[in-house]
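# Coordinates in review
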Amino acid sequence: MPHLFLALTPGPVPGTVITNTVMVGCVALLHVLFATYLIGSTSIVAVSEVVSMVNHDPRHERLARGIVHSWAYLFGTGAAIAIFFVIFVLVGMWGRFFVTFSQFTFWVWFFEALTFVGEIVLLYALYANWDRLGEYRMARLGMTILLNVDQWFQMFFIDVIASQMLTPVVQGKPDNTSYLLQFLNPTNLPLTIHRTFGNVAWAGAVIALTAGFRYLRATRREEAMALAPNTHVEPVRALGAMPDGELVRERNREAAYWDWAGQYAMLFTFVLTIFQIWVGYTYAKEIQLHSLDSWYQMMYGWISNIFLGQFAGLGLLFMAGVAYFWRRIKAAGQPRPARRLQLALIVLFLLWLFGLQPAWWAGSYPDIVAAHLAKPFWDGGVEDPLGFFFPWKVMVLIGEMLVTLFALGTFLRARQRTPMIMGQASRGSQRLLIALGVITCLMMLIMGIIRESSRSPYLVNYSIQINHQVILQKPAPNIPLTQRPIGP
Amino acid sequence: MSERRITRRQFMVRGTGLLGGLITAMVSVPAIGFLLSPLWATTPLLWADVQGGPIDDIPEDKPTARIASIQTETNPPQPPVSRVVYVVKHQGQLYAFSNICTHMQCDVHWDASLDLFECPCHGGLYSITGRNVGGPPPQPLPQWVHRTQVRGGRTYLQVANRLREEI
Amino acid sequence: MSQRTVDPERSGAAPTEPEDEGDLIGLVPQQVVGPVRQGVAWLDDRAGFSHLLHRVLYEAVPRQGGWAYTLGSATLVLILIQFFSGIFLLLDYVPSVSQAYSSLDFLKTSDPFGAWMRGIHLWGSYTLMFIIGAHALRTFISASYKKPRELNWVTGVFLFFIVLGMAITGAMLPWDQASYWTTTVVTNIPHYIPGIGNGIRTLWRGGNFVGQATLTRSFALHIWVLPVILLGLIGAHIHLLWRHGEHGSWVNYRTRSADPGGEIAERLRNAAAPYPTRGSDPVYSVPSDTVDFFPTQLFKDTVVSAVLVIFIGVMGLISGAPLDGPANAATLTYVPTPEWFYLPLDQLLVFFPLGLVGFGVFVVVGIAATLVIALPFIDRSPERHPIRRPDVLIPALFLIGSVIYLAMLGVNRLYNL
Ligand code: HEM
Ligand code: HEM
Ligand code: FES
């Protein structure tokens, strides 16, 4: 980010542009992780509530209860970060930008704040009275759904802000106050859909990760005993001093529950992430059509390398998921579908390797154009034609979609044919769930970084510049399109 | 009695099949020929003047839309229709673009703020020389088959009823 | 026929109701005597109407969930409305590039009933798209396509394609701007088929450019070719329905007693025609409870159809059918927008640039279409409850979600143009 290095002189804000950027980045990313989990997990609670009301499955009840309890801690922390974010970081460090921007997105912020009132009321009411409300299941479900709707709007309003920063309706007019246009700006729809699914996928990943850990904990003792039969192993702390028979029963119960919970939650992540592939693609397309410079940064600028990281993460996420399917089905004693899943895993891996090729071996495409190296490596350049997004990476994405759908179908079908006995999972499969959670978290962070840096040198595209938060009267001159390579 | 090679019944079965085939062939030969006839129909080359007077005054690097009344199809005969001819002068070259997008043939127009031809349908972009530089179009913007005529010291443009590049 | 005699269940289930030949007479009020009564009896004797009516009306259908099973007949009624209004439009419409527009403009300006009829044809097609989709969705959810009803599904999917074809060729007829550019874009699509694509485009257009021949051809497709195929397929679809009986959905096959095996055997013994469904899993071959199609189910069908037809009539009157400016190949400002039901496909075009156009149009859409057609052969487990079929439900939700999302993106794109 060359322009940032030029701006080391202190601006009208405490700190430098760099430290402030890093600050805003860290706090925003942290806040996002909390907020999205809350929204997504509420959807999962609603689904589980419905299922447990239909078939009285105690596992769904336990899961819903567990998630609701997690809210109390996470909402408090997340909200504290958000307040810190707005008051200290945004107002303190980016005051000019924030005040200007808030003025013309006033009502959006206003409604955003209102949804917080609703969230606080509903969330704590549910948390504090979850068991008591067990007698009024319908009311409890209604409140959960209401909470989720409220949270959805919360996300929607923030999306209006975020998409407005990326693709302002009328370029160079930060004071555009047509709210309809603000709401319906070009990237709002793809962003909203992307996040609606992303929230649930992320919440699923968090739950799967937790379940993975808990399963490992529940089965730690027997594994240690299997490794060294004659040593005495302390029982898990939570299980305390229990007679041995009870201990085994407790172990079985815990293992069965967490095995089930991990699988149930990871399915949300896996399924929705398949959809995210092409939702993400449409999002990028909309950015390309309406904020070409940002798109250019993402695909050809220095962040293209981070984008490649996202690409790698996606492949890893799918591989972790399919590997889990494979291990789990194998443990359930179904060799045929297991072999198919193994095949899917291999294909995924090959696709992943192919997709990892960088299209050029340098920081950014403009760099190599400047150095006259924008030609294939066999012509003395640094380009690798097979690494370009179009059409190769598109093909890889389509391939990944097909293979993951196939794997998903195989897994679900195998599970349908011979019901799976929970609690038999191998410990390795649970480590894969943990990996899935970690990868998802990394991808969330990467996406945040890409989104926030793709707008530079602007804070709000074409209207407010990052450097000293300069507010432009007119759109900055575009680099003439004809002077640079344009992708499809 | 000579030995019959086919029975009466067999004769009728086969005969019905044969005659049925004949009926089918009878109607399908003209049908298929008629159906396929556009494939080998040839349209004569018909020239039309580009309206709006001579093209001398069209400035360099400023694509200008003119109209020509072109009889694109003659099978069956139909009156000429107005078509757009984008007259472009760029680096000493003269281009006579149609405004037919090579993606799905929507109506391309010159967007001065982008400095590009833009297609309203799916956002296709073409440079001033017709190169497809963005969006879905798979090929450059086609030109009409064209020629210039100098009459009374002024240059006039004529276009034919077909495109130079097949799209 | 031989099938019938070998199947003891079936012959045992032959109706033991009173002689059905007298049914038509039964419809004639007692007060009517003399020539009318004799006339009816004569007609029935010579033509066998009662027999036909009996066969059509007194079929058993599942008792529960009847409202969901009205969608098929609603589709049928809507198609008949299209035929009716379409034929009446031919009183005025001229398929010529110079007169198509003016003939419809005439309706708009000076023939209110004609304009209404045109409105009905347009709103009928919109409603039809919705209802046929709902019908397909309901038969998907209830897994009605499973053995032995695979062909019900396959003919249904082809019906859907033909209806799409009707809608798109119809949209080419008014020869206003919308219609002209729809024609241009749609007839251009085949040209991306490798090898023969160019030829197909030429054949459809009757030349290299869109012109009179194109309109004539679209007209012929819309008025003769596709309707004939449509009617043939509807015949096949309904024939298959009669052959296998209405499946209904899982709610019709629950067992209630402690002895499910005995209960199912009991059902098989007491099945009313057309049940038991031949070749079906015994559990799903006879609904637990049936009613006569007439009047129970037909009443529901009629209610739904009446609501839809009234909706179409009202919308056709107050909203009518729009007419842009006359077709103009030389426009620089017109933004071609597809009909709403083609928006997802149009949006898909945005996402497949350059060398991938053909891939997007034919391979992606082709794979999706093939999967939909092949559904009964992919999903062959006996399960009918949607929750127990996650392996088809999730990919299907994926497909449906994608189509809806594409439509939303299309709207978003047009709005932000
Ligand atoms: C022109 C369009 C169509 C017409 C007129 C039509 C008509 C009907 C009618 C009257 C029924 C019986 C009543 C009912 O179950 O709703 C039926 C059943 C059925 N239709 Fe269609 N249909 C059409 C399109 C489709 C489509 C697009 C599909 C699927 C993709 C489809 C699949 C089926 C199936 C599987 C059944 C059997 C339902 C059962 O037995 O439970 N049909 N159709
Ligand atoms: C499934 C059945 C049908 C569908 C979905 C359908 C759909 C359509 C549509 C969407 C239009 C364009 C309306 C407009 O933009 O104003 C149209 C026009 C037309 N259709 Fe159909 N149609 C069907 C059946 C028929 C039949 C059977 C006939 C005649 C035998 C017919 C005759 C016409 C005529 C003459 C027009 C041109 C007049 C006009 O544009 O309003 N249609 N049709
Ligand atoms: S028709 Fe021009 S971009 Fe699609």
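Criteria and cut-off values
Residues numbered from 1 in each chain as written. Chains lettered and ligands numbered in written order. Predicted model: local features only at pLDDT ≥ 70, side-chain atom pairs only at ≥ 80, totals over all residues. Heavy atoms only, no water. Donors = N, O, S within 2.8 Å, 3.2 Å for Na, K, Ca; no water. Tetrahedral: all angles 85-135°; square planar, octahedral: opposite > 155°, others 65-115°. Helix = DSSP H or I, 4+ residues; strand = E, 2+ residues; numbered from the N terminus. Buried < 20%, exposed > 50% of the residue type's maximum accessible area, 1.4 Å probe, protein only. Axes fitted to C-alpha atoms, helices over the stretch in contact; angles between N-to-C directions. Parallel < 35°, antiparallel > 145°, perpendicular 65-115°, else oblique. Left-handed = near helix turned anticlockwise from the far one by under 90°. Contact = heavy atoms within 4.5 Å. Salt bridge = Lys/Arg side-chain N within 4 Å of Asp/Glu carboxyl O. Domains from an automatic or database assignment. Buried area = accessible area lost by both parts, 1.4 Å probe. Polar contact = N/O pair within 3.5 Å; in protein donor to acceptor, adjacent residues only side chain to side chain. Near = heavy atom within 4 Å. Nonpolar A, V, L, I, M, F, W, Y, C, P; charged D, E, K, R; others polar. Pairing = 2+ DSSP bridges. Disulfide = S-S within 2.5 Å. Patch = residues over 30% accessible without salt bridge, like charges linked within 9 Å, V, L, I, M, F, W, Y side chains within 5 Å. Areas by Shrake-Rupley, 256 points an atom, 1.4 Å probe, with all protein chains shown as cover. Lys, Arg positive; Asp, Glu negative; His and termini not counted. Charge placed at Lys NZ, Arg CZ, Asp CG, Glu CD. Phe/Tyr/Trp six-rings, centres within 6.5 Å; stacked < 30°, edge-to-face > 60°. Lys NZ or Arg CZ within 6 Å of the ring centre and 35° of its normal. Core = buried A, V, L, I, M, F, W, Y, C linked by side-chain atoms within 4.5 Å.

## Some words on the coordination of the iron atom of ligand 1
Residues and elements named next belong to chain C.
- Within the protein, His135 (NE2) and His237 (NE2) serve as the donor atoms for the iron atom of ligand 1, at 2.0 to 2.1 Å.
- Of note is the iron atom of ligand 1, whose six donor atoms meet at the metal with angles of 86 to 179° in an arrangement that counts as octahedral. Note that histidine 135 is positioned in helix H8 (residues 112–141) and histidine 237 in helix H12 (residues 212–244), a separation of 102 residues in sequence.
- In this structure histidine 135 comes out as buried when scored by relative accessible area, which is 19%.

## Considering the packing of helix H6 (residues 71–89) of chain C against H12 of chain C
All names here are of chain C.
- Packing of H6 against H12 leaves a shortest axis separation of 13 Å and a crossing angle of 155°. It follows that H6 is roughly antiparallel to H12 by the angle criterion. For the element pair H6 and H12, the recorded crossing hand is left-handed. Residues Leu76, Ile79 and Phe83 of H6 lie in contact with H12, whose contacting residues are Pro227, Leu230, Leu231, Ile234 and Ile238.

## Focus: the pattern of salt bridges
- Scanning all chains against the criterion turns up 21 salt bridges over all chains.
- Between lysine 146 of chain C and aspartate 379 of chain C there is a salt bridge; the shortest N-O distance is 3.2 Å. Residue lysine 146 of chain C is found in the loop between H8 and helix H9 (150–171), and its partner aspartate 379 of chain C is found in the loop between helix H16 (357–378) and helix H17 (390–415); the two are separated by 233 residues along the sequence.
- The shortest N-O distance in the salt bridge between arginine 413 of chain C and aspartate 346 of chain C comes to 2.9 Å. Of this pair, arginine 413 of chain C sits in helix H17 while aspartate 346 of chain C is found in helix H15 (residues 343–351), placing the two residues 67 residues apart along the sequence. Here arginine 413 of chain C and aspartate 346 of chain C have matching classes, each one buried.
- When salt bridges with common partners are traced through the structure, they connect Glu49, Glu61, Arg137 and Arg140 of chain A into a single cluster.

## Observations concerning the domain arrangement of chain C
- Here chain C is partitioned into domain 1 (1–58) and domain 2 (59–415).
- Centre-to-centre, using C-alpha coordinates, domain 1 of chain C lies 35 Å away from domain 2 of chain C.

## Structural notes on the interface of chain A and chain C
- Taken together, the 31 residues of chain A in the interface contact 23 residues of chain C.
- In total, chain A and chain C occlude about 2700 Å² of area from one another, counting both sides; carbon and sulfur atoms represent 75% of this.
- Taken together, the connections running from chain A to chain C amount to one salt bridge.
- Counting every contact that joins chain A to chain C gives six residue pairs in polar contact (both at pLDDT 80 or more).

## Remarks on the site of ligand 1
All names here are of chain C.
- Taken together, 25 residues lie near ligand 1, and His135, Arg138, Ser144, His237 and His247 sit nearest.
- Within the contact set of ligand 1, an oxygen atom lies 2.7 Å away from a side-chain nitrogen or oxygen of arginine 138.
- At a separation of 2.8 Å, an oxygen atom of ligand 1 approaches a polar side-chain atom of glutamate 246.
- Elements with a minimum of two residues in the shell around ligand 1: H6, H8, H9 and H12.
- For the shell around ligand 1, the element with the most residues is H9, which contributes six residues.
- Considered class by class, the residues forming the shell around ligand 1 number eleven nonpolar, eleven polar and three charged.

## Overview of the sheet that holds strand S9 (residues 144–151) of chain B
All names here are of chain B.
- Read from one edge of the open sheet, three strands run S1-S10-S9, paired in antiparallel fashion. Only two strands of the sheet have a single partner each, and these edge strands are strand S1 (47–49) and S9. Adjacent strand axes in the sheet meet at a mean angle of 30°, parallel and antiparallel pairs treated alike.
- Two elements, S1 and strand S10 (residues 154–163), share three bridges in a ladder whose sense is antiparallel. Residue pairing across strands places tryptophan 47 opposite alanine 160, the latter belonging to S10.

## Considerations on the state of the cysteines
- Tallied over the entire structure, the rule returns one disulfide over all chains.
- A disulfide bridge connects cysteine 106 of chain B with cysteine 121 of chain B, and the sulfur atoms are separated by 2.0 Å. Negative torsions about the S-S bond denote left-handed disulfides, and the value of about -70° found for cysteine 106 of chain B with cysteine 121 of chain B makes this one left-handed. Here cysteine 106 of chain B, found in the loop between strand S4 (93–97) and strand S5 (109–111), pairs with cysteine 121 of chain B, found in the loop between strand S6 (116–118) and strand S7 (125–126); they are 15 residues apart in sequence, far enough to count as distant. Comparing cysteine 106 of chain B with cysteine 121 of chain B shows no difference in burial state: the two are buried.
- Residue cysteine 26 of chain A stays outside any disulfide, its sulfur separated by 13 Å from that of cysteine 441 of chain A, the closest cysteine.

## Some remarks on the environment of leucine 209 of chain A
Residue and element names in this part refer to chain A.
- Along the chain, leucine 209 turns up in helix H8 (residues 188–218).
- Judged by its relative accessible area of 22%, leucine 209 is partly exposed.
- In this view, leucine 209 contacts Leu433, Ile434, Gly437 and Val438; residues no more than four positions away in its chain are not counted.

## What about a positive patch on the surface?
- Side chains of Arg336, Arg339, Arg340 and Arg417 of chain A together with Arg380 of chain C sit close together on the surface and give a patch of like positive charge.
- Looking at the positive patch, the element that brings in the most residues is helix H13 (residues 335–356) of chain A, giving three residues.
- Relative to the elements of secondary structure, arginine 336 of chain A occurs in helix H13.

## Considerations on the interface of chain C and chain B
- Across the boundary between the two partners, chain C contributes 40 residues, which contact 38 residues of chain B.
- A buried area of about 3000 Å², summed over both sides, lies between chain C and chain B, and 60% of it is on carbon and sulfur atoms.
- Per-residue buried area on chain C facing chain B is highest for Leu203, Phe209 and Leu332 of chain C; these three make up 24% of the total on that side.
- The tally of links between chain C and chain B comes to zero salt bridges.
- Counting across the interface, chain C meets chain B through 14 residue pairs in polar contact (both at pLDDT 80 or more).
- Put simply, the parts of the chain that give the side of chain C that touches chain B at least two residues each are helix H10 (177–188), helix H11 (197–205), H12 and H15 of chain C.
- The element that contributes the greatest number of residues to the side of chain C that touches chain B is H11 of chain C, accounting for six residues.

## A word on the site of ligand 2
Residue and element names in this part refer to chain C.
- The environment of ligand 2 is formed by 22 residues, the closest being Arg118, His121, Met166, Pro174 and His222.
- Within the contact set of ligand 2, a nitrogen atom lies 2.7 Å away from a side-chain nitrogen or oxygen of histidine 121.
- Between ligand 2 and histidine 222 there is a distance of 2.7 Å, counted from a nitrogen atom to a side-chain nitrogen or oxygen.
- When residues of the shell around ligand 2 are traced back to their parent elements, those giving at least two are H6, H8, H9 and H12.
- Residues belonging to the shell around ligand 2 are distributed by class as follows: 15 nonpolar, six polar and one charged.

## Things to note about the pairing of S9 of chain B
All names here are of chain B.
- Across seven bridges, S9 lies against S10 in antiparallel orientation. Bridging from a neighbouring strand, threonine 148 pairs with leucine 157 of S10.
- Linking S9 back to S10 in an antiparallel pair, the connection comprises two residues, with glycine 152 at a positive phi of about 60°.

## Considering the coordination of the iron atom of ligand 2
All names here are of chain C.
- Here the iron atom of ligand 2 is held by His121 (NE2) and His222 (NE2), and the distances to it run 1.9 to 2.0 Å.
- Relative to the metal, the six donor atoms surrounding the iron atom of ligand 2 lie at angles of 86 to 179°, and the coordination shape comes out octahedral. A residue pair is termed long-range when its members are at least 10 positions apart, and histidine 121 in helix H8 and histidine 222 in helix H12 qualify at 101 residues. Side by side, histidine 121 and histidine 222 carry an identical accessibility label, which is buried.

## Here we look at the sheet that holds S5 of chain B
- Strand order in the open sheet formed by four strands is S5-S6-S7-S8 (chain B), and the pairing between neighbours is antiparallel. Among the strands making up the open sheet, the edge pair consists of S5 and strand S8 (132–134) of chain B.

## Some remarks on the packing of aromatic side chains
- Under the definition given, this model contains 61 aromatic pairs over all chains.
- Look at tyrosine 126 of chain C and tryptophan 340 of chain C: their rings are 5.7 Å apart centre to centre, the planes differ by 70°, and that puts the pair in the edge-to-face class. One end of the pair, tyrosine 126 of chain C, is in helix H8; the other, tryptophan 340 of chain C, is in the loop between helix H14 (293–318) and H15, and 214 residues separate them in sequence.
- Judged by relative accessible area, tyrosine 126 of chain C falls into the buried class, the value being 14%.
- Chaining the aromatic ring pairs together yields one cluster made of Phe106, Trp107, Phe110, Phe111, Trp152, Phe153, Phe156 and Phe157 of chain A.
- Over the ring of tryptophan 130 of chain A we find arginine 140 of chain A; its NZ or CZ atom is 3.9 Å from the centre of that ring.

## Considerations on the nonpolar core
- Grouped together as the largest cluster of nonpolar side chains are 97 residues, with contacts concentrated most on Ile44, Leu63, Trp71 and Phe325 of chain A.
- For this core, the element with the highest residue contribution is helix H10 (residues 244–290) of chain A, accounting for 20 residues.
- Leaving out residues up to four positions away in the same chain, tryptophan 71 of chain A has contacts with Leu38, Ser41, Thr42, Val45, Gly76, Leu123, Leu126 and Leu147 of chain A.
- One finds Val186, Leu226, Leu308 and Ala321 of chain C within the second-largest nonpolar core, a separate group that totals 33 residues.

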